[in-house]
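Now for the letters of each chain:
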Amino acid sequence: MKVIFYFSDDSSYESDIIRQGFTCQEILFNRLQAADGSVSFSIPFSTLFCNKMVADINNNVTAVVYDDNDNAYASGFVKKEVGYEQRARNEPIRITVVSKSYMLDKTLNESYAIENQTAAQIVTWLLTQAGVADIGTLTGMTATVPLFVFNAGENVKDVLKEFCFEYSKTFYFDKAGVFQVADLFVSNFSSIQTFNRAKI
């Protein structure tokens, strides 16, 4: 496995991942609400990496984790709490990458009223206000909303959760960091096995 970090100056840094201690927490629902996932791992010590992180500490550093087949396994922002002070050269650096839903935690200072737009268009507008550009297909959100009001001081993430819930949807960022929606409730159930007395 490997990870590539992307910095605000358009540079990147690639590193192998130390498999020991690798953890992944992937949560889609928490009490019928969207929840944040994360991955934690260690990389070999690098002075160059530490210096780049310190220089970019006030910006959002993104990272993409790849599996052994070079497929995207997870992506998101490097958690700010990580310290990059000088340490023993053989001591690995512990990293936590959190979901891009962090970007949605934004408060707008103005009120907006949107008329006669589809639910998908309103979700796209909310995402744009939060600076999210990678948006997947918003399936099942074709209904026209006569009036949508966003009040000054409201949190984009909270409003988005409530709005999606009205359409029985939740949202998440996939392994490539693209915003996606998913059904909260499955309408059709089918068994993958037939159970009889012999199988119980």
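Residues numbered from 1 in each chain as written. Predicted model: local features only at pLDDT ≥ 70, side-chain atom pairs only at ≥ 80, totals over all residues. Heavy atoms only, no water.

J.: Before we move on, could you go through the pattern of salt bridges and cite the residues and values that matter?
T.: Any two side chains of opposite charge can pair, on the condition that their charged atoms come close. The final tally for this structure, using the stated rule, is 5 salt bridges. Put simply, Lys2 and Asp70 hold a salt bridge, and the shortest N to O gap is 3.6 Å. Of this pair, Lys2 sits in strand 1 (residues 2-6) while Asp70 sits in the loop between strand 7 (62-66) and strand 8 (72-78); the two residues are 68 residues apart in sequence, bridging distant segments of the chain. The class of Asp70 is partly exposed, set by a relative accessible area of 48%. Residue Lys169 pairs with Asp183 through a salt bridge whose shortest N-O separation is 2.5 Å. Within this pair, whereas Lys169 is found in strand 12 (residues 169-173), its partner Asp183 is found in strand 13 (residues 179-183), the two being separated by 14 residues in sequence. Through salt bridges with shared partners, one network takes in Lys2, Glu14 and Asp70. (Salt bridge = Lys/Arg side-chain N within 4 Å of Asp/Glu carboxyl O. Helix = DSSP H or I, 4+ residues; strand = E, 2+ residues; numbered from the N terminus. Buried < 20%, exposed > 50% of the residue type's maximum accessible area, 1.4 Å probe, protein only.)

J.: Please provide a residue-by-residue account of the packing of helix 2 (residues 119-129) against helix 3 (residues 156-166), values included.
T.: Put simply, helix 2 and helix 3 touch, their axes get as near as 10 Å, and they point 165° apart. As far as their axial angle goes, helix 3 and helix 2 are roughly antiparallel. Once helix 2 is placed against helix 3, the crossing between them reads as left-handed. In this structure, helix 2 contributes Ala119, Ile122, Val123, Leu126 and Leu127 to the contact, and helix 3 contributes Val156, Val159, Leu160, Phe163 and Cys164. Grouping the amino acids of the contact of helix 2 with helix 3 by side-chain chemistry returns 10 nonpolar, no polar and no charged. (Axes fitted to C-alpha atoms, helices over the stretch in contact; angles between N-to-C directions. Parallel < 35°, antiparallel > 145°, perpendicular 65-115°, else oblique. Left-handed = near helix turned anticlockwise from the far one by under 90°. Contact = heavy atoms within 4.5 Å. Nonpolar A, V, L, I, M, F, W, Y, C, P; charged D, E, K, R; others polar.)

J.: Account for the nonpolar core, naming residues and giving values.
T.: Counting 25 residues, the largest nonpolar core has Val123, Met141, Phe148, Leu160 and Phe179 as its most contacted members. Listed by contribution, the elements that provide at least two residues to this core are helix 2, strand 11 (144-150), helix 3, strand 12 and strand 13. At 6 residues, the largest contribution of residues to this core is made by helix 2. The residues touching Val123, leaving out its near neighbours within four places in the chain, are Leu138, Met141, Leu160, Phe163, Cys164 and Phe179. Counting residues in each nonpolar core, the second largest holds 21 residues, with Tyr13, Val39, Phe45 and Val97 among its members. (Core = buried A, V, L, I, M, F, W, Y, C linked by side-chain atoms within 4.5 Å.)

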